[in-house]
Amino acid sequence: MTRSLFDKLWQSHLVQSLDSERDLLYVDRIFLHERTGSIALKSLAATGRPVQRPQQAFCTMDHIVDTFPGRGDSTIMPSGSEFITATRDACRDAGIHLFDLGDSKQGIAHVVAAEQGICLPGLSQVCPDSHTCTLGGIGALAWGIGSTDAEHALATKTLAVKKPRSMRVIFDGVTAPGVTAKDMILHLIGKYGADGGAGYAIEFAGSGIAALDIEARMTLCNMGVEFSAFTVFIAVDERTIEYAKSRPLAPKGAALAAAIADWQQLHSEPDAQFDKTLTIDCRDIRPTVTWGTNPRQSLATGERIPYPQSLPEEQQAAAIKALSYMDLQAGTPIGEVTIDAAFIGSCTNARLSDLRAAAAILKGRKVATGVAAVAVPASGQVKLAAEAEGLHTIFEAAGFEWREPGCSMCFYAGGETFGEGKRVISSTNRNFEGRQGPKVKTHIASPETVAASAIAGRIISANDLAELT
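In this convention, every chain numbers its residues from 1, walking through the sequence in written order. For a predicted model such as this one, the threshold for reporting local features is a pLDDT of at least 70, and the threshold for listing and counting side-chain atom pairs is 80 or more; totals across whole chains, interfaces and linings nevertheless cover every residue. Values reported for side chains reflect all heavy atoms of the structure, with hydrogen atoms and water molecules removed beforehand.

## Points about the sheet that holds strand β11 (residues 231–234)
So, point 1. In short, DSSP must find at least two bridges between two strands for them to pair. Helix and strand definitions follow DSSP, with helices as H or I runs of at least four residues and strands as E runs of at least two, each counted in order from the N terminus. Spatially, the four strands line up as an open sheet ordered β11-β10-β9-β12, and their pairing is parallel. The two strands at the open ends of the sheet, each matched to only one other strand, are β11 and β12 (276–281). Across this sheet, the average inter-strand angle for adjacent strands is 20°, counted without regard to direction.
So, point 2. When strand β9 (residues 165–172) meets strand β10 (residues 200–205), the two strands line up parallel, connected through six bridges. Among the inter-strand pairings, arginine 168 is bridged to a residue of β10, identified as glutamate 203.
So, point 3. Helix α1 (residues 5–13) contacts β9, β10 and β11 of the sheet and is inclined by roughly 115° relative to β11.
So, point 4. Residues count as neighbours in contact if any of their non-hydrogen atoms are within 4.5 Å of one another. Between the N-to-C directions of two axes lies an angle of 0 to 180 degrees, each axis being a line fitted to C-alpha atoms and, for a helix, fitted only over the stretch in contact. Helix α8 (residues 214–222) contacts β9, β10 and β11 of the sheet and is inclined by roughly 160° relative to β11.

Have a look at this one:
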């Protein structure tokens, strides 16, 4: 029987089937962060149970930390410093490697895990963060969990999981110039809904996927959770192998040769069966931006905000509510919507390739008067590499603040925000009410569209900006 990539990943981690629905899976890597990591570690310690194989568990400071230059343990976020110190103490006591503040390798969990080689093709990884599926971009089986499951995984290296159904999403053809992985995932969600992947483990495939570099694949997989998937992943190819074998913690010598032989098997067989298949024509995708309060409410940058009555009946009430919150009028060209702020950051779109792409648009230009703009590299390694290329000087000359690594204004929990009610174009992954602060109106887009919009002072793609200048 031919097997899909999902079958291979699942079977290679199956310890045993527990009942008709749940399987016990082995967890290769556990990654924690300071917002919930100390909770799981302290709870585990209180029971007297040690962390099994602490050398395979890691933690970073990313969610609560400030990103201002010269930052320390104190935070804008209420009680943030207590989370930081508690996590530091808990990691020390448990023997877990911590990417602490001041460490050049510190950064957002999913970015650090990939760039350091903590997670590699074919491995399983869990983290108390829903965007752990980012690591599917390198052919890993990765999914987000809660603090209780984190505690169980730390103690046993296993988790009981209900096996999801399988789906294959084929991106067929070649994308138009200026179309990015972010536009591809927003297009998919816009077409099939924010719940289109609910109950599925999804393989992204097709010529459109093969053409993406590894960082773009991770962007695509990052937002699989916005499609409601259990997890998402992409088959290993030569791009994946070249990326993985150069990671600091990748195997060396004969062990690397053996690993590559295993990695080369991480693809679906030609006749593999899936419970569902969707096909996207890449020629239909344009630079895309959200207009509402969930990723499905999106449109190409040259289009008009839809009238609720033009949408399927089940979407109309949500559209009316979103228009009210976003303070938008149906029928308005999205290109006429002005912005107050622009944010480039997050585990979705703050890697080196993202910063390069944005800098190429910003070079020699200035952010529009009245627009606040912030760029936050996803990790210390990304920041160092960007600065070595001089990208930070381009951002700063254009009018962006250049920050330290962290999640920053991807989400709001009492920390930093652009201000109540501000309209922000953002390279992040979520746009629900209040995601970036009280009454903040968030439009999700690619870093290129964020950069172009910051310059224009209104929502516009890089392609459209080029035509104006």
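Now, onward.
## Describing helix α10 (residues 254–263)
So, point 1. Here the term buried applies to any residue with accessible area under 20% of the maximum for its type, exposed to any over 50%, and partly exposed to those in between, with areas from a 1.4 Å probe on protein chains only. When α10 is considered as a whole, its buried residues turn out to be Leu256, Ala259, Ile260 and Trp263. The buried residues of α10 occupy an angular sector of 100° when projected down its axis, which confines them to one face. Exposed residues pointing more than 90 degrees away from the buried face of α10 are listed as Ala254 and Asp262.
So, point 2. In this structure, the buried side of α10 is in contact with α9 (238–245). The reported arc concerns the directions from the helix axis to the C-beta atoms and nothing else.

## With respect to the side chain of aspartate 66
So, point 1. Considering the arrangement of structural elements, one finds aspartate 66 in the loop between β4 (57–60) and α3 (80–94).
So, point 2. Charge counting treats Lys and Arg as positive and Asp and Glu as negative, with His and both chain ends excluded. For salt bridges, the criterion is a side-chain nitrogen of Lys or Arg within 4 Å of an Asp or Glu carboxyl oxygen. Buried charge without a partner: aspartate 66 forms no salt bridge, and the closest opposite charge is arginine 403, 7.7 Å away.
So, point 3. Here the side chain of aspartate 66 touches isoleucine 76 through a polar contact of 3.1 Å, landing on its backbone nitrogen.
So, point 4. Non-local contacts of aspartate 66, meaning those with residues more than four positions away in its chain, are made with Arg71, Ser74, Thr75 and Ile76. Here a polar contact is recorded for every N or O atom pair within 3.5 Å, except that within protein the pair must consist of a potential hydrogen donor and a potential acceptor, and residues adjacent in sequence are included only if both atoms are side-chain atoms.

## Here we look at the sheet that holds strand β7 (residues 141–144)
So, point 1. One open sheet accounts for five strands, arranged β5-β4-β3-β6-β7; its pairing is parallel. The outermost strands of the open sheet, each flanked by one partner alone, are β5 (97–99) and β7. Within this sheet the neighbouring strands show an average axis-to-axis angle of 20°, counted without direction.
So, point 2. Relative to β4, strand β3 (residues 29–33) runs parallel, the two sharing four bridges. Counted as the bridge partner of histidine 33 is threonine 60 from β4.
So, point 3. Sheet contacts for helix α5 (residues 147–156): β3, β4 and β6 (124–127); angle to β3, the most-contacted strand, approximately 135°.

## Quick notes on unusual backbone geometry
In terms of backbone geometry, most residues other than glycine have negative phi values and most peptide bonds are trans.
So, point 1. In this structure, serine 79 is a non-glycine residue whose phi angle is positive, near 65°.
So, point 2. Note that serine 79 resides in the loop between β4 and α3.
So, point 3. One non-glycine residue with positive phi stands out, namely serine 346, at about 95°.
So, point 4. Summarising the element assignment, serine 346 is placed in the loop between β15 (341–344) and α12 (352–362).

## Considerations on the side chain of histidine 131
So, point 1. Examined against the element boundaries, histidine 131 turns out to sit in the loop between β6 and β7.
So, point 2. Polar contacts involving the side chain of histidine 131 include one to the side chain of asparagine 429, which spans 3.4 Å.
So, point 3. With near-sequence residues (within four places) excluded, histidine 131 lies in contact with His110, Asn222, Val225, Glu226, Cys347, Asn429 and Arg430.

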